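So you can see what is in the structure, the chains are spelled out below.
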Amino acid sequence: MNLKSLGFTTYFEEQYNSFLKEEKYKNCVPARVLLEHKHSYRVLSEQGEWLSTVAGHLAYESYSQADFPAVGDWVLVEKMDGEERAIIHKVFKRKSQFSRKIAGRKVEEQIVASNVDIVFLVMSLNADFNIRRLERYLIAAWDSGATPVIVLTKADLCENVDDYIQQTEAIALGVDIFITSSFTGEGIEQIRAFFKEGVTGALLGSSGAGKSTLMNALYGEDIMKVSGIREDDAKGRHTTTHRELVFLPGCGCLIDTPGMRELQLWDQGESLASSFQDIEDLSASCRYRDCTHKKEPGCAVVRAIDDGDLEFSRLQSYFKLQKELAFIERKTNTQEKLAEKRKWKQISKGFKKKH
């Protein structure tokens, strides 16, 4: 396995050359994180695959969960003599990352997949289809730095595919949409065509959307465990329990991820406009520049709803996501200040010990 096929581009090579200027890293090599365990990582380099742990200095300098390695990351590792284990000294700067707020009340970023070129947003064509959920995924995808692609699965079980396509096209402006069936093989070759040497994709979607089944179809054999959906509500059972990077036969890498029942956004306000470009364009024609699209006269957005050109539920979703992202922004600004304070406190302690 050579570095190029692993996705090691000039972007990462320049960082690696910079690291090597320091004598302490002369025995280190670049590796990619395949799998994240509770306190360790499975990484792959040109020299082999090793179980790795984070060096003490890296853990000490990390102020949040996002500072630690994630699946898809490139890391600088040093192999331990006589063992198939390694120490992770640095995490390369990421070229893209799909993030969300961690589950629960705590406001902290969780990186779902890193250094991805294409984000495949997977949703099944059944009763679990949710256009509002897809809007959330699109916002996070646009913010990730990767190219979003929508994959609608289980076409063989759907009698009104065109209706689902129309709903999706209405909220996914400029995004490619593919219809697939792992049972009949429909659309599989179209998805496989995205994968060239060094290209990394990630499958994201809710439980039961068919991500693991799609992974198996793209790979050509069953490498991921799959489960059926519940007959009473068409919702899926959790099959994939961890994130994992897999190399597809021929070329390309693909990250499979556990299903997310709800995607809580993370500091992605700038991408809200990209996902709701239709509302943003209408806003430019409003009489007032600071129009809230509620009761103001001459509001182009309200007029579009009255004329049937825009669904009221989409505007409601826009308002809801605006409010959610504003809350995250306020919380993260406060946490960034606290993290900066902790950072300088640690630097001060280190300085006092040396002197």
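For the structure, check the block above.
Residues numbered from 1 in each chain as written. Predicted model: local features only at pLDDT ≥ 70, side-chain atom pairs only at ≥ 80, totals over all residues. Heavy atoms only, no water.

Focus: the overall build of the chain
Here is step 1: Across its full length, the chain carries 10 helices and 13 strands.
Here is step 2: Within the chain, buried positions represent 49% of all 355 residues.
Here is step 3: Expressed as a percentage of contacts within the chain between residues at least 6 apart in sequence, the contacts between residues at least 24 apart total 67%.
Here is step 4: For the chain, the computed accessible surface area is about 18,600 Å², with 48% contributed by carbon and sulfur atoms. (Helix = DSSP H or I, 4+ residues; strand = E, 2+ residues; numbered from the N terminus. Buried < 20%, exposed > 50% of the residue type's maximum accessible area, 1.4 Å probe, protein only. Contact = heavy atoms within 4.5 Å. Areas by Shrake-Rupley, 256 points an atom, 1.4 Å probe, with all protein chains shown as cover.)

Brief notes about the side chain of Q15
Here is step 1: Tracing the chain through its elements places Q15 in helix α1 (residues 10-19).
Here is step 2: Q15 gets classed as buried once you look at its relative accessible area, which sits at 14%.
Here is step 3: Setting aside its immediate chain neighbours within four residues, Q15 contacts F92 and K93.

Re the packing of helix α3 (residues 131-144) against helix α4 (residues 161-171)
Here is step 1: Contact geometry of α3 with α4 gives a least axis separation of 10 Å together with a crossing angle of 40°. Taken together, the axes of α3 and α4 are oblique relative to one another. In this structure, α3 meets α4 at a crossing whose hand is right-handed. Each of I131, R132, L134, E135 and L138 in α3 lies in contact with α4, whose residues at this interface are Q167, T168 and I171.
Here is step 2: Per-class residue counts for the contact of α3 with α4 are 4 nonpolar, 2 polar and 2 charged. (Axes fitted to C-alpha atoms, helices over the stretch in contact; angles between N-to-C directions. Parallel < 35°, antiparallel > 145°, perpendicular 65-115°, else oblique. Left-handed = near helix turned anticlockwise from the far one by under 90°. Nonpolar A, V, L, I, M, F, W, Y, C, P; charged D, E, K, R; others polar.)

Observations concerning the pairing of strand β8 (residues 118-124)
Here is step 1: In terms of burial, β8 is a largely internal element, 7 of the 7 residues being buried.
Here is step 2: Residues I118, F120, V122 and S124 point to one face of β8 and V119, L121 and M123 to the other, with burial holding for every one of them.
Here is step 3: Pairing between β8 and strand β9 (residues 147-153): 7 bridges, direction parallel. Looking at β9, one finds that V119 is bridged to P148.
Here is step 4: In this view, the connection linking β8 to its parallel neighbour β9 by way of α3 has right-handed handedness.
Here is step 5: Note: β8 against strand β11 (residues 200-205), 5 bridges, orientation parallel. The residue bridging V119 from the neighbouring strand is A202, located in β11. (Pairing = 2+ DSSP bridges. Right-handed = clockwise from strand over helix to strand, strands pointing away.)

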